[in-house]
Amino acid sequence: MNPYILTALLFGLGLGTTITFASSHWLLAWMGLEMNTLAIIPLMAQHHHPRAVEATTKYFLTQATAAAMLLFASATNAWLTGQWEIQQMTHPLPVTLITLALALKIGLAPVHSWLPEVLQGLDFTTGLILSTWQKLAPFALLLQIQPANSIILVALGLASTLIGGWGGLNQTQLRKVLAYSSIAHLGWMILVLQFSPSLTLLTLLTYFVMTLSAFLVFKLNKSTNLNMLATSWAKAPAITALTPLILLSLGGLPPLTGFMPKWLILQELTKQDLAPTATIAAMSALLSLFFYLRLSYAMTLTMSPNTLAGTAPWRLQPSQFVLPLAVGTTTTLLLLPLTPAAVALLVL
């Protein structure tokens, strides 16, 4: 892609998110979300592959549906209450509609089925943008409206953690596994959204860091399915040794970074007298942990049947810029000791 066009599209992505962040009026927020969607579509379709075009079409249709629903709900709110302000959502009908529209935008269960299909048709770089940056604007709106109907948020959160765990169990395609992982993590964030918005933000940030590391590892190895992971030893031995730790951090095992948000969320849910919800969420984390372990096993404990002839790839100079991967991996593995600092910031 022409670098000028790429720069313009990335600028459009950033501008759309910033407009949504800064807006207090529903029409401005809607406009920011639309700019976001329209900026990423050329990035998704740039490879001119049937799968990429199919994924782009599916993404466009779901985002357009969610945007129309959002506009309809905000107009309904203006009709019922005379308010276009984002923080003046008082009527339960538009609040529920907007919550569901934003759930469709970010891919929460039960309106999640587009996400694995779309992610499977993209390359890892665009998939990373879709899994991280594209979640920011809808989350900013969810944090601002603070839906009073807690049952909806808890139901969406539990459904997402369970479906995100179950859906990934039988997958062999890495991008689909990462999509279900994304759904499960979003479920954890939505569960605690109404009780501790700052904890939701902390979880979102740690999810971004862990997902960045996972996507960059698979991009470096050029692995798209489970079987291709077995050749990682010959390509990048050091990264292959660290990848299981990145995956287990995504699963939320101590003493890795991913344990911190899950631990704090379970603690908060218990404080709010939602022990059964916390128990179901903790059990669903075991489902996710299983498929992360499966990926770790395929990558480190199985050997590829074919021997690589000639110069081993790891003797060559790396063709990709690996600094983001180094920084991402370090933060993915080593931030747990900073939990007291995070808790102190949450209280502030």
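We now turn to the structure provided with this report. Note that this is a predicted model, so its numbers are computed, not measured.

**Focus: the overall build of the chain**
Part 1 of the argument: Across its full length, the chain holds 16 helices and zero strands.
Part 2 of the argument: In terms of overall dimensions, the chain is globule-like: its C-alpha atoms have a radius of gyration of 20 Å, near the 20 Å expected for 348 residues.
Part 3 of the argument: If one aligns the C-alpha atoms of the chain with their principal axes, the spans along those axes are about 70 × 50 × 35 Å.
Part 4 of the argument: Going through the 348 residues of the chain one by one, you find that 52% of them count as buried.
Part 5 of the argument: Long-range pairs, those at least 24 residues apart, make up 78% of the contacts in the chain with a sequence separation of at least 6.
Part 6 of the argument: Carbon and sulfur atoms make up 71% of the accessible area of the chain, which totals about 15500 Å².
Part 7 of the argument: Of the side chains in the chain, 13 bear a positive and 7 a negative charge, and the two mean positions are spaced by 17 Å.

**Some details on the packing of helix H8 (residues 150–169) against helix H9 (residues 174–192)**
Part 1 of the argument: At a minimum axis separation of 7 Å, H8 and H9 run at an interaxial angle of 155 degrees. Overall, the two elements H8 and H9 adopt an arrangement that is roughly antiparallel. For the pair H8 and H9, the crossing hand works out as left-handed. Facing H8, whose interface residues are Leu153, Val154, Leu156, Gly157, Leu158, Ser160, Thr161, Ile163, Gly164, Gly165, Gly167 and Gly168, H9 presents Val177, Tyr180, Ile183, Ala184, Gly187, Trp188, Ile190 and Leu191.

**Concerning the nonpolar core**
Part 1 of the argument: By size, the foremost hydrophobic cluster in this structure holds 48 residues, and its most contacted members are Tyr59, Val118, Leu130, Phe218, Leu229 and Leu295.
Part 2 of the argument: Apart from residues no more than four positions distant in its own chain, Leu295 is found in contact with Leu174, Val177, Phe218, Leu226, Leu229 and Leu247.
Part 3 of the argument: Counting residues in hydrophobic clusters, the runner-up holds 32 residues, among them Ala29, Ala103, Tyr207 and Phe208.

Cut-offs applied
For every chain, the first residue of its written sequence is number 1, and the numbers climb from 1 along that sequence. This being a predicted model, a pLDDT of at least 70 is required before a residue's local features are given, and a value of 80 or more before pairs of side-chain atoms are given or counted; all residues contribute to the totals for chains, interfaces and linings. Only hydrogens and water are removed before side-chain values are computed, so all heavy atoms of the structure are retained for them. Helical segments are the DSSP runs of H or I of at least four residues, strand segments are the runs of E of at least two, and each set is numbered from the N terminus. As a reference, a globule follows 2.2 Å times the number of residues to the power 0.38, and the radius of gyration itself is taken over C-alpha atoms. Relative accessible area decides the class of each residue, using a 1.4 Å probe on protein chains only: under 20% of the type maximum gives buried, over 50% gives exposed, and in between gives partly exposed. The contact rule is simple, with two residues in contact once any of their heavy atoms fall within 4.5 Å. Each accessible area is a Shrake-Rupley estimate made with a 1.4 Å probe; only the visible protein chains count as cover when residues are assessed. Asp and Glu count as negative and Lys and Arg as positive, but His and the ends of the chain are not part of the count. Just so you know, the charge point we use is NZ for Lys, CZ for Arg, CG for Asp and CD for Glu. For every element, the axis is a line fit to its C-alpha atoms; helices are fit only across the contacting stretch, and the angle between N-to-C directions ranges from 0 to 180 degrees. For classification purposes, angles smaller than 35 degrees are called roughly parallel, those larger than 145 roughly antiparallel, those between 65 and 115 roughly perpendicular, and all remaining angles oblique. Take the far helix as the reference: if the near one is turned anticlockwise from it by less than a right angle, the crossing is left-handed, and if turned clockwise, right-handed. To form a nonpolar core, buried Ala, Val, Leu, Ile, Met, Phe, Trp, Tyr and Cys residues must be joined to one another through side-chain atoms within 4.5 Å.

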